[in-house]
Structure formats: C-alpha cells, structure tokens
Amino acid sequence: MLKFLIILFMIMLVGSLVSGAYFLMVDQGDKTKRRTLNSLGVRLGLALSLMSLIIYGVATGQLGHRNPWDDGPQGTATQAPTVKKQ
C-alpha cells in the first residue's frame, strides 16, 4: 500500500509539473493570472508529502533496500573475514 502511494504521489508531481509548464506558456507572463504560482504551491506540497511518506516508510521498516549484491551487515569483529585465494 505504501509503495502504491509513493508511485501515486510521483505521478501527481509530474502532472503538476506539466500543468505548471502549460500555464506558463499559455499565460505568457500575465500578472493577473496566478495559475503558475498555484501549480508551484501544489507541487511543493506534494513533494513535502512524498518526502514525509518516504521517511515514515523507512522509519517503520516498510521501506528498505534489498539489493542482490548486498549480503547484509558484516559479521562481528570475532569472525575472520573470508578471503578468496586464486
């Protein structure tokens, strides 16, 4: 569920970016129209929400890294490291 929300927020961020670019081109610097500024405010709110959602996911352990090349934490100092000899 959390990953779905993150993807949804990313899609909404891109949509807000596209709408801001559209408003910028259509309004052509008209000072009475504030649609570009409103789009920037929406994008800022979405970015902050996305960042807090990612921080929440990492803090609760729902998000993490699972890399195939990462064996996890190394052993304690009492274990000797394994060295491959050729």
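Attention now moves to the overall build of the protein. From N to C terminus, the protein includes 2 helices and 0 strands. Taken across its 86 residues, the protein has 16% of its residues classed as buried. Considering only residue pairs separated by 6 or more positions, the protein has 63% of its internal contacts joining residues 24 or more positions apart.

A few words on the pattern of salt bridges. In total, this model carries 1 salt bridge according to the counting rule given. Here Asp27 ties to Arg35 by a salt bridge, and the two come within 2.6 Å at their closest N and O atoms. According to the relative accessible area criterion, Asp27 is buried, its value standing at 9%.

Further remarks concern the nonpolar core. Core analysis: the largest hydrophobic core is formed by 8 residues, namely Leu2, Ile6, Phe9, Leu13, Leu46, Leu50, Leu53 and Leu63. Of all elements in the fold, only α1 (2-27) and α2 (35-60) reach the threshold of two or more residues within this core. With 4 residues, the top contributor of residues to this core is α1. Excluding residues within four positions of it along the chain, Leu53 makes contact with Leu2, Leu5, Ile6 and Phe9.

Judged by side-chain polarity, Met1, Phe4, Leu8 and Met12 come together as a nonpolar surface patch covering roughly 440 Å² of accessible area. Leu8 sits in the partly exposed class, given a relative accessible area of 33%.

Closest axis-to-axis distance for the α1/α2 pair is 9 Å, and the angle between their directions is 165°. As judged from the angle between their axes, α1 and α2 are roughly antiparallel. Relative to α2, α1 is oriented so that their crossing is left-handed. A breakdown of the residues in the contact of α1 with α2 according to their chemical character gives 18 nonpolar, 7 polar and 3 charged.

Thresholds applied
Residues numbered from 1 in each chain as written. Predicted model: local features only at pLDDT ≥ 70, side-chain atom pairs only at ≥ 80, totals over all residues. Heavy atoms only, no water. Helix = DSSP H or I, 4+ residues; strand = E, 2+ residues; numbered from the N terminus. Buried < 20%, exposed > 50% of the residue type's maximum accessible area, 1.4 Å probe, protein only. Contact = heavy atoms within 4.5 Å. Salt bridge = Lys/Arg side-chain N within 4 Å of Asp/Glu carboxyl O. Core = buried A, V, L, I, M, F, W, Y, C linked by side-chain atoms within 4.5 Å. Patch = residues over 30% accessible without salt bridge, like charges linked within 9 Å, V, L, I, M, F, W, Y side chains within 5 Å. Areas by Shrake-Rupley, 256 points an atom, 1.4 Å probe, with all protein chains shown as cover. Axes fitted to C-alpha atoms, helices over the stretch in contact; angles between N-to-C directions. Parallel < 35°, antiparallel > 145°, perpendicular 65-115°, else oblique. Left-handed = near helix turned anticlockwise from the far one by under 90°. Nonpolar A, V, L, I, M, F, W, Y, C, P; charged D, E, K, R; others polar.

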